[in-house]
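Working through the structure, step by step
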Amino acid sequence: MSLLEVVRFALRGLSANKLRSSLTMLGILIGVAAVILLVAVGNGSAKAVSDRIEALGTNTITVMSTGRSSAGLTTGIAKALDDPVLAPDIRSISPVVSASTTLTYEGAEHEVSTFVGTTPAWFNASSTPVGAGSAFTQDDVDQGRRVVVIGQTVAEELFPGTDPIDEQVTVGGALFTIIGVLDQKSSTGFQDSNDTAVAPLTAVQQVLTGYGALTSIIVEAAAPDRVDAVQGQVSTILDQKLDVSSSSSSTPYRIQNASSLLETQTETAETFTTLLGAVAAISLLVGGIGITNIMLVTVTERTREIGIRKALGAPRRVVLTQFLIEATLLSVIGGALGVAAALIGSRFEIVGVKPVIMPSSIGLAVGVSIAIGLFFGGLPAARAARLRPIDALRYE
Amino acid sequence: MSRPVLEVRDLKKIYGTGETTVHALRGVSLTVERGDYAAIMGSSGSGKSTLMNILGALDVPSSGSYLLDGVDVSRLSDGQLALARNRLIGFIFQAFNLIPRTTAVANVELPLAYAGVKPKERRRRAMQALDVVGLADRAGHEPNQLSGGQQQRVAVARALVTEPSLLLADEPTGNLDSKSTADVLQVFDDLSAAGRTIVIITHEDEVSARAKRLIRLVDGAIVTDVRQKRRHA
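Residues numbered from 1 in each chain as written. Chains lettered and ligands numbered in written order. Predicted model: local features only at pLDDT ≥ 70, side-chain atom pairs only at ≥ 80, totals over all residues. Heavy atoms only, no water.

- An unreviewed UniProt entry lists chain B under the name ABC transporter ATP-binding protein, with Actinoplanes aureus given as the organism.

- In the nomenclature of an unreviewed UniProt entry, chain A corresponds to ABC transporter permease from the organism Actinoplanes aureus.
- Turning to chain A, the UniProt annotation filed under Sequence similarities (unreviewed entry) states: "Belongs to the ABC-4 integral membrane protein family."
- Note on chain A: under the UniProt heading Subcellular location (unreviewed entry), the record states "Cell membrane". (UniProt positions renumbered as here; feature names shortened; annotations may be inferred.)

Laid out in structure tokens, this is it:
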């Protein structure tokens, strides 16, 4: 009897019990899809975190004032960092002040969470390119011109359907002319990174924040591998300028290094993925027990049929092959549908995370479900095929 | 004279051990020639089903020899036994034992499939066998769409489709009403007339009366074995 014939028998056996076959496949489908999707969600959130950090720019460090001493970071300090001798690896320095304020345009109001005052180098250092219009220039900063580049959210809120460029908005009682709109930035955190506005440092200091301490200084390194060197150079200059004794453990500033931040965040995300993977593995295990159960019931229930087939002259090998192929088909079709379900599911956002499928998780989930189906479908079938026909026929 | 289809010598079957030992068969010897139509009768517990299962190569005897078409069945391997069941014996059960949710013609084709017959040829012979039992028009029906008598006739078609040397029927009418019984018995009469060798187990006089030969089994041994004039319905 040819293998093709046995496959046809197996197909007939499956279609003869449509409900049971489809329920078994459903069990496998859910198990496989759950593993792939959960791992994809973990992976996706890890990727989202690293994307967010990379968006900050991996070759920049951020010097922040710790806030205890108000006379910490000043424009003077920022200028002092621009020292080709002491700090040769610095490409650019962007002093930053920021405040939350309200923008008003023809009676419409919009609360901006971060109104940034800085220098033109900031656009490049913080990877925030200008989409429409243009950025302000060093000349604008020097002259303290009241010009502003707004984020996408602000543009949509205040200027729905119209071109905001060359319009004037009121900020803290002063008129600012809009000269550009920032590119859409991927917003993955709690904060909308498109809800922002950027203006020359001097103008913002004059109108909103005053000439006190800076919020932070963004220092861009010449190359990503020079970041650590830059960090050392910056702290040397800062310690000198701010009179920090080397014995003192607390400094009036804090240096945030995007690449080291990325490292710790990635580690956290990997832990998260492992955790989700473990949960998924448990669900696959439970699914596997379900498959095992149904396979056992199927074969037990069909022991009588095996007896009939043997009485009609079916060799043990043919009976066994038929049941093995049935089990394989169930697991393979169920597994394939599970992969399809996971692929479809991964196109949607799940709890705010865009899942990213890990190819290895597909292999693992499908492999395990097939192995379970084969083993627990094959084992009882082998037992039944070994029975003497009369015992199989009498089986109740 | 050609060799007998079936020849058993001093067949014994013992179940269990020690105090619970049951002697189902206590030395049965029997020869069935080609073309014979024998009925084995006996009350419940007389060992007739045990004998039938051994004759059908579904069970093995504790001792004694069994030659089926000249072949010693007790010496066959598992694979050869499957072949013997497929080629030499057509078995008809009391409970019909059709494969559920499978059409009548597919059920009849099954032994041919195991014998390795090509699908086209299989379908033709299955339809022919169904025609013999008068159910060609029910070929596409599944067992649960057929009456008991029709199911048993499908089972008969399945048993004779491989042209076996021996047709074995274990209480074939036990689960049937009188109309269906008459239908099935008519099929046996026709097959016997066509030269088939039939051994049938029953406890109904109505069934045994139509056989050419009547064997009575009591407590695992043959008590009478007589030729009889057939009574036709």
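Past the structure itself, the notes keep going.
1. Brief notes about the side chain of D140 of chain A
- Looking at where D140 of chain A falls in the secondary structure, it is placed in helix α5 (residues 138-143).
- With residues near it in sequence (within four places) discarded, D140 of chain A still touches R145, V147, P200 and T202 of chain A. (Helix = DSSP H or I, 4+ residues; strand = E, 2+ residues; numbered from the N terminus. Contact = heavy atoms within 4.5 Å.)

2. Re helix α4 (residues 119-132) of chain B
- The terminal C-alpha atoms of α4 of chain B lie 20 Å apart, and with 14 residues this matches the ideal 20 Å at 1.5 Å per residue to within 8%.
- If you check which residues of α4 of chain B are buried, you get R122, A126, A129 and L130 of chain B. Buried positions in α4 of chain B, seen along its axis, are confined to an arc of 100° and lie on one side of it. Across from the buried face of α4 of chain B, at angles greater than 90 degrees, the exposed residues are K120 and D131 of chain B.
- Where the residues of α4 of chain B are buried, they touch α1 (3-16) of chain A together with α3 (104-115) and α5 (148-160) of chain B.
- Phi turns positive, to about 75°, at G134 of chain B, one or two residues after α4 of chain B. (Expected span 1.5 Å × (residues − 1). Buried < 20%, exposed > 50% of the residue type's maximum accessible area, 1.4 Å probe, protein only. Arc of directions from axis to C-beta.)

3. Overview of the pairing of strand β1 (residues 6-15) of chain B
All names here are of chain B.
- The pairing of β1 with strand β2 (residues 22-32) spans 8 bridges and is classified as antiparallel. From the neighbouring strand, K12 faces β2, where its bridge partner is R26.
- Where β1 hands over to β2, the hairpin turn is made up of 6 residues, of which G16 adopts a positive phi near 70°.
- As judged from the 5 bridges shared by β1 and strand β4 (residues 63-68), these two strands associate in the antiparallel manner. In the sheet register, L6 faces β4, and the bridge partner there is L68. (Pairing = 2+ DSSP bridges.)

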